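Coordinate analysis (summary)
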Amino acid sequence: MIVLALDVYERERALRIAEDVREYISMIKVNWPLILGSGIGIIRELKERTGLPMIADLKLADIPNTNRLVAKKVFEAGADYIIVHGFVGRDSVRAIMELGEIIMVVEMSHPGAEEFIQPVADKLIEIANEIEPFGVIAPGTRPERVRYIRKMLKKGIKIFTPGIGAQGGSARKALEAGADYIIVGRRIYGAEDPRRAAEELYKEVRAWSSG
Ligand code: XMP
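Analysis parameters
- Residues numbered from 1 in each chain as written.
- Predicted model: local features only at pLDDT ≥ 70, side-chain atom pairs only at ≥ 80, totals over all residues.
- Heavy atoms only, no water.
- UniProt positions renumbered as here; feature names shortened; annotations may be inferred.
- Near = heavy atom within 4 Å.
- Polar contact = N/O pair within 3.5 Å; in protein donor to acceptor, adjacent residues only side chain to side chain.
- Areas by Shrake-Rupley, 256 points an atom, 1.4 Å probe, with all protein chains shown as cover.
- Helix = DSSP H or I, 4+ residues; strand = E, 2+ residues; numbered from the N terminus.
- Nonpolar A, V, L, I, M, F, W, Y, C, P; charged D, E, K, R; others polar.
- Phe/Tyr/Trp six-rings, centres within 6.5 Å; stacked < 30°, edge-to-face > 60°.
- Buried < 20%, exposed > 50% of the residue type's maximum accessible area, 1.4 Å probe, protein only.
- Right-handed = clockwise from strand over helix to strand, strands pointing away.
- Pairing = 2+ DSSP bridges.
- Salt bridge = Lys/Arg side-chain N within 4 Å of Asp/Glu carboxyl O.
- Axes fitted to C-alpha atoms, helices over the stretch in contact; angles between N-to-C directions.
- Contact = heavy atoms within 4.5 Å.

For the chain, an unreviewed UniProt entry supplies the name Orotidine 5'-phosphate decarboxylase and the organism Pyrococcus yayanosii. The heading Sequence similarities (unreviewed entry) in the UniProt record of the chain holds the text "Belongs to the OMP decarboxylase family. Type 1 subfamily."

In structure tokens:
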């Protein structure tokens, strides 16, 4: 299943792309670029136009009280899931979970993730298994790590893998390794024809999952 990472600034462009690719995707993820470019109201607008669940990728990493204050506003704005960092500790993560569903970062997809976050991935998996978030983020650029995280993670916790396409990860390899959702940004919104790019990816993913 495909999650569109809609990292554009402009409201009109975001709405147009979302409507164009709607039938090929399962969720929309908004990150700081779109929130800063178009305002927090874009979450509800996208949700109403497409009928899709919305992920707010804020990667919250603050003390429990501040996490709670921010998350309250973001859930009120229509987000169904918020992406949060686990390295700040259980209390900070739980503060958000008390208000709504979360997706917790276990390991990131960029090269720098090997410096600090990969060495503590086991501890983050342990926290995830204890608090049972809706999902975790694992690196689509490293299928062997996705496979490991799948093996260590409690059943039922979904795995989301960014890093597919522009960062070099393969959709098929991430899914084979155990990802439930692939997160794709530039490969779709940066394409000359986003609808066609989404359709191609959808067919690739579907062919693999039914084959
Ligand atoms: P691209 O254009 O690279 O966009 O397909 C990927 C989207 O996903 C976000 N991203 C991550 N989010 N952990 C996360 O929580 C990660 O390891 C990670 N890698 C990429 C990125 O910010 C963009 O929105």
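Description of the site of the ligand
Surveying the vicinity of the ligand reveals 18 residues, the closest of which are D7, K29, S109, G185 and R186. Residue N31 places a side-chain N or O atom 3.0 Å away from an oxygen atom belonging to the ligand. Taking G185, its main chain carries an N or O atom lying 2.8 Å from an oxygen atom of the ligand. Relative to its unbound accessible area of 500 Å², the ligand is 91% covered by the protein chains. Elements with a minimum of two residues in the shell around the ligand: β2 (27–31), β3 (54–60) and β8 (181–184). Residue composition of the shell around the ligand, grouped by class: nine nonpolar, four polar and five charged.

Quick notes on the packing of aromatic side chains
Applying the stated criterion across every chain, the model contains four aromatic pairs. Relative to Y202, the ring of Y24 has its centre 5.4 Å away and its plane inclined at 55°; by these criteria the two rings are tilted. Taken together, the residues Y24 in the loop between α1 (11–21) and β2 and Y202 in helix α10 (residues 194–210) connect sequence positions 178 residues apart. Among the residues examined, Y24 registers a relative accessible area of 10% and is labelled buried.

Details of the pairing of strand β5 (residues 101–105)
With four of five residues buried, β5 is to be regarded as a mostly interior element. Handedness of the β-α-β unit built from strand β4 (residues 81–85), helix α5 (residues 90–97) and β5 comes out right-handed. Across three bridges, β5 lies against strand β6 (residues 135–137) in parallel orientation. In the strand pairing of β6, I103 is matched with G135. Since β5 and β6 lie parallel, the crossover through helix α6 (residues 121–131) that links them has a hand, and here it is right-handed.

Quick look at the pattern of salt bridges
Between side chains of opposite charge, a pair can form when the charged atoms approach closely. In this structure the tally under the stated criterion is 22 salt bridges. Two residues, K59 and D57, come together in a salt bridge whose shortest N-O distance is 3.0 Å. By relative accessible area, which is 27% here, K59 ends up partly exposed. The class for D57 is buried, based on a relative accessible area of 3%. With a shortest N-O distance of 3.1 Å, R150 and D180 are connected by a salt bridge. Of this pair, R150 sits in helix α7 (residues 143–152) while D180 is found in the loop between α8 (171–176) and β8, placing the two residues 30 residues apart along the sequence. Ionic contacts of the salt-bridge type, sharing partners, join the residues R90, R94, E126 and E130 into one network.

Some thoughts on the sheet that holds β3
Read around the closed barrel, eight strands run β1-β2-β3-β4-β5-β6-β7-β8, paired in parallel fashion. Between one strand and the next, the sheet's axes are offset by a mean angle of 30°, whatever the strand orientation. When strand β1 (residues 2–5) meets β2, the two strands line up parallel, connected through three bridges. Looking at β2, one finds that L4 is bridged to I28. Most of the contacts of α6 go to β5, to which it runs at about 165°, and overall it touches β5 and β6.

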